[in-house]
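# Chains, contacts and geometry: an overview
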Amino acid sequence: YNGLLMKFQRRFANNFSFLNSYTYGKAIDLNSDNDGTVTLTNVYDPGYNRGPADYDITHTFTSSWIYELPIARNKVYGGWQVSGIMLWRGGLPLTVTTTTGVQSTGTGNRPNRICDGSISNPTIDKWFDTSCFVPPSDLTGTYGNAGRNIIRGPGAFNIDASLIKNTKIGHVATEFRIE
């Protein structure tokens, strides 16, 4: 794993604080199984399986913030805060496979890649150009040339927000949340 992590933080001042972080990373392995063993498609060429790990996410950005509203701050009906958390990340890698494996090996196979495979406007029904991948011509001992995890799936974007009312009853602070 190689990565770069950047963090931008503003501690609570002037009724506002935030914490933003960005990670640029690359995880590469031969097999992402967690059972302690490595299963290779082609045991005679371990490099054939080398590629982005199944859990590799290139870009991740997170942000959290809180803002204390200045409206009636010292009044009974004051004490409101707005806060939120945002996540944006790139997609996980996908491996293109064929339905027919190399004969007599008992393993699956990857196709030959004849063009990039990316499309400009991917949809849930068609995430990559399937015509860029063709089965190997000889299935008796030829593995396809398409690499492991060469296509990226959809990324993720999520925002959660809260409206919070802090109220002091006697000497006890009470908090009401709407999330």
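This section reports on the structure supplied with the text. Since we're looking at a predicted model, the values are computed, not measured. (Residues numbered from 1 in each chain as written. Predicted model: local features only at pLDDT ≥ 70, side-chain atom pairs only at ≥ 80, totals over all residues. Heavy atoms only, no water.)

## Concerning the pattern of salt bridges
Quick note on the threshold: Salt bridges are counted wherever a side-chain nitrogen of Lys or Arg sits within 4 Å of a carboxyl oxygen of Asp or Glu. The helix and strand labels rest on DSSP assignments: H or I over at least four residues marks a helix, E over at least two residues marks a strand, and numbering proceeds from the N terminus. The cut-offs for exposure are 20% and 50% of the maximum accessible area for each residue type, with area from a 1.4 Å probe on protein chains only; residues under the lower value are buried, those over the upper are exposed, and the others partly exposed.
By the definition in use, this model includes four salt bridges. A salt bridge links arginine 148 to aspartate 29; its shortest N-O distance comes to 2.8 Å. A residue pair is termed long-range when its members are at least 10 positions apart, and arginine 148 in the loop between β9 (133–134) and β10 (151–152) and aspartate 29 in strand β3 (residues 28–29) qualify at 119 residues. Just as arginine 148 is buried, aspartate 29 falls in that class too. With a closest N to O distance of 3.4 Å, aspartate 116 and arginine 113 form a salt bridge. Assessed through its relative accessible area of 29%, arginine 113 is described here as partly exposed. One continuous salt-bridge network, built from bridges that share partners, spans Asp29, Asp54 and Arg148.

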